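# Fold and geometry: a report
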Amino acid sequence: MGSGDTSVSRYGHCSVMVDDDTVLVVGGYGSDHGKHSRLSSCLDLCRTSEGQWRTGLSNTVGDVSIPALMHHSLTKISTGSVIIFGGRQSPKNVSNNCYRMDPVLNESLQTKQSPWRLQVVKTNGLLPQGRYKHTAVCTWTTDGVEVLVVFGGRSDEGRALDSCGMLDVGTLTWKEITIDGQAPTARFHHSSFAWKDSVFIVGGLGSDFTPLNSLYKLTVQTTTRLISEKLELPNFPSQYSSAVVCHDDTAYFIGGVRCYSDGTTGLVTLHLPSMTLRQCNIELAPNAQPVILANHTAHSWRENIIVLGGGGNCFSFGTHYNNLYLLERT
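Residues numbered from 1 in each chain as written. Predicted model: local features only at pLDDT ≥ 70, side-chain atom pairs only at ≥ 80, totals over all residues. Heavy atoms only, no water.

### A closer look at the side chain of Thr-75
Here Thr-75 lies in strand β10 (residues 73-76). In this structure the side chain of Thr-75 is engaged in a polar contact, spanning 2.9 Å, whose partner is the backbone oxygen of Ala-136. Residues contacting Thr-75, with those up to four places away along its chain left out, are Val-16, Ser-81, Val-82, Ile-83, Ala-136, Val-137, Cys-138 and Leu-148. (Helix = DSSP H or I, 4+ residues; strand = E, 2+ residues; numbered from the N terminus. Polar contact = N/O pair within 3.5 Å; in protein donor to acceptor, adjacent residues only side chain to side chain. Contact = heavy atoms within 4.5 Å.)

So, in C-alpha cells, the structure goes:
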C-alpha cells in the first residue's frame, strides 16, 4: 500500500467519487493554517494525465457556506449532485441540516469539476433528528423511486440511535417509515452500502459502546416501507469505523477498530451472492509511514481501492493524520 499526496490529511471527513478520476472531499478534522480544527473546506482530488493525484480547493458558489463539520454524510445521487446531511460542529452542536452541491459546468473546459453550487435543501415532511457518525446511502425502491436512506448515528446527548429516515430525492420529502422484520439495533460509527435493491448495515458501536458484528439487510419496498433481515455471519469481526467499498458483487471492509487485535491492519471481504466471508491482512509498502485505518474513507478506483485520510488523536501521543493511499488488489 503506497502513500501519495499529503494534502488530504484529515479524519472524520466525507468523500464521494465525482467521476473516474476525481474525488470530492468535504469537512473533517485537520490542520488549518497550523492549527488543528474542524474544517469547512472542500477539496477536489484529481488524477492528472501524468498519473499523479493532485488536490486543490474546490470553489463553491451560492449564498450559503458549509460550516466546519465532521462525522457528517456525503452522498452522490443520480443527477451527479451530492447531499450533505447531519454531522457535528462541536460535541453538543449536532446538525440535521441538509445541503446540496450541484456541479457547475465550466464552459471553457467542458468539465463538471469545480466549482459547485451550494444550497440549503428545503425539504418537506418530518426532518430526522440531528445526528453524526450515521450513514446515508442512495438507492432505489422496487417501483423505481430514488431515495436516501439515513440510519443510526449519535445524538447531541451521546445516545446511539436506531431511527431510520428516508428522503424521496425527487420530491425532497422525508418519509415516515415502517420497518417489517428484525430491525437493526441502535448503533453509530457503523458501515453501510447499497447492493441491488438493498441497503446493508454492518458493525458499529452499540448503545453500551461495545463493537458490534451484526449485519442487516434492508430491502427498500416503497418510500415508506423497508423489510429488514438479520444475516447470520458469526465470523464477522466486531468492529467500528471501517470504510466499505462495494465492487463486482463484493463488499470490502477496510480497516476499522476492534477490541482485540493481533497488530495487523485488516481487510474483510464479503462476496454478497454467496455471503462468503474472508479476512486478509493489508501489507504496507516498504518505508511507508504508520497508518491508522479509522475515521477514513475509501473508494473503488479501476481495479484498486484508494483510501483517503483517517487517523485520530490521543492526549498522550498527539494527533495522527493519514495520507492518500492506494490499496492494490492481488
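Now that the structure has been shown, we can carry on.
### Topic: the layout of surface pockets
Put simply, the largest pocket is a space of about 1,400 Å³. Lining the largest pocket are 46 residues, and of these Ser-15, Ser-192, Val-244, Ala-298 and His-299 lie nearest its centre. Counting residues per element, the ones that place at least two in the lining of the largest pocket are β3 (14-19), β10, β16 (135-140), β21 (191-195), β25 (243-247) and β29 (297-301). By residue class, the composition of the lining of the largest pocket is 18 nonpolar, 22 polar and six charged. (1 Å grid on protein atoms, 1.4 Å probe; cavity = no way out; pocket = protein on both sides within 12 Å on 5 of 7 lines; lining within 4 Å. Points joined across faces, edges and corners; volume = space filled by probe spheres on them. Nonpolar A, V, L, I, M, F, W, Y, C, P; charged D, E, K, R; others polar.)

### Points about the state of the cysteines
Considering all chains together, one arrives at zero disulfides under this definition. The closest cysteine sulfur to the non-disulfide-bonded Cys-98 is located on Cys-138, 12 Å from its own sulfur. Just so you know, Cys-164 is unpaired, no disulfide at all, and the nearest cysteine sulfur is the one on Cys-138, 14 Å from it. The exposure class assigned to Cys-164 is buried, which follows from its relative accessible area of 17%. (Disulfide = S-S within 2.5 Å. Buried < 20%, exposed > 50% of the residue type's maximum accessible area, 1.4 Å probe, protein only.)

### Things to note about the sheet that holds strand β18 (residues 164-168)
Strands sit in the order β16-β17-β18-β19 across an open sheet of four strands; the sheet is antiparallel. With one partner strand each, in any of the chains shown, β16 and β19 (173-175) form the two edges of the open sheet. Taking the axes of each pair of neighbouring strands and ignoring which way they run, one obtains an average angle of 25° across the sheet. (Pairing = 2+ DSSP bridges. Axes fitted to C-alpha atoms, helices over the stretch in contact; angles between N-to-C directions.)

### Quick notes on the packing of aromatic side chains
For the structure shown, the criterion picks out nine aromatic pairs. Taking the centre distance of 5.9 Å and the plane angle of 75° together, the rings of Phe-188 and Phe-209 count as edge-to-face. Of this pair, Phe-188 sits in the loop between β20 (178-181) and β21 while Phe-209 is found in the loop between β22 (198-202) and β23 (215-222), placing the two residues 21 residues apart along the sequence. Accessibility expressed as a relative area gives 2% for Phe-188, which makes it buried. One aromatic cluster in this structure is built from Phe-193, Trp-195, Phe-200, Phe-236 and Phe-253. (Phe/Tyr/Trp six-rings, centres within 6.5 Å; stacked < 30°, edge-to-face > 60°.)

### Remarks on the nonpolar core
By size, the foremost hydrophobic cluster in this structure holds 15 residues, and its most contacted members are Leu-24, Val-26, Ile-66, Leu-74, Val-82, Ile-84 and Met-101. Counting residues per element, the ones that place at least two in this core are β3, β4 (22-26), β11 (82-85), β14 (98-103) and β15 (116-120). Setting aside its immediate chain neighbours within four residues, Val-26 contacts Arg-10, His-13, Cys-14, Ser-41, Cys-42, Ile-66, His-72, Leu-74, Ile-84 and Met-101. Residues Trp-195, Phe-200, Leu-233 and Ala-251 belong to the second largest nonpolar core, which totals 14 residues. (Core = buried A, V, L, I, M, F, W, Y, C linked by side-chain atoms within 4.5 Å.)

### As for the sheet that holds β21
Backbone hydrogen bonds are what pair the strands of a sheet, in a parallel or an antiparallel way. An order of β20-β24-β23-β22-β21 is seen for the five strands of this open sheet, with the pairing classed as mixed. Each edge of the open sheet carries a strand with a single partner, namely β20 and β21. Going from strand to strand, the sheet's axes swing by 25° on average, the running direction of each strand aside. Here four bridges tie β20 to strand β24 (residues 225-231), and the two strands are oriented parallel to one another. What sits directly across from Ile-179, in β24, is Leu-226.

### Some thoughts on the side chain of Asn-304
Structurally, Asn-304 can be placed in strand β30 (residues 304-308). With near-sequence residues (within four places) excluded, Asn-304 lies in contact with His-299, Leu-326, Leu-327, Glu-328 and Arg-329.

### Focus on empty space enclosed by the protein
Scanning the entire structure with this criterion turns up one cavity of 30 Å³ or more. Taken as a whole, the largest cavity encloses approximately 40 Å³ of empty space. Taken together, His-189, His-190, Ser-191, Val-202, Gly-203, Gly-204, Phe-236, Gln-239, Tyr-240, Ser-241, Ser-242 and Phe-253 form the lining of the largest cavity. Per-class residue counts for the lining of the largest cavity are four nonpolar, eight polar and no charged.

### Overview of the environment of Gly-204
Of note, Gly-204 is situated in the loop between β22 and β23. Residue classification places Gly-204 among the buried residues on the basis of a relative accessible area of 0%. With residues near it in sequence (within four places) discarded, Gly-204 still touches Phe-188, His-189, His-190, Thr-210, Pro-211, Leu-212, Gln-239 and Tyr-240.

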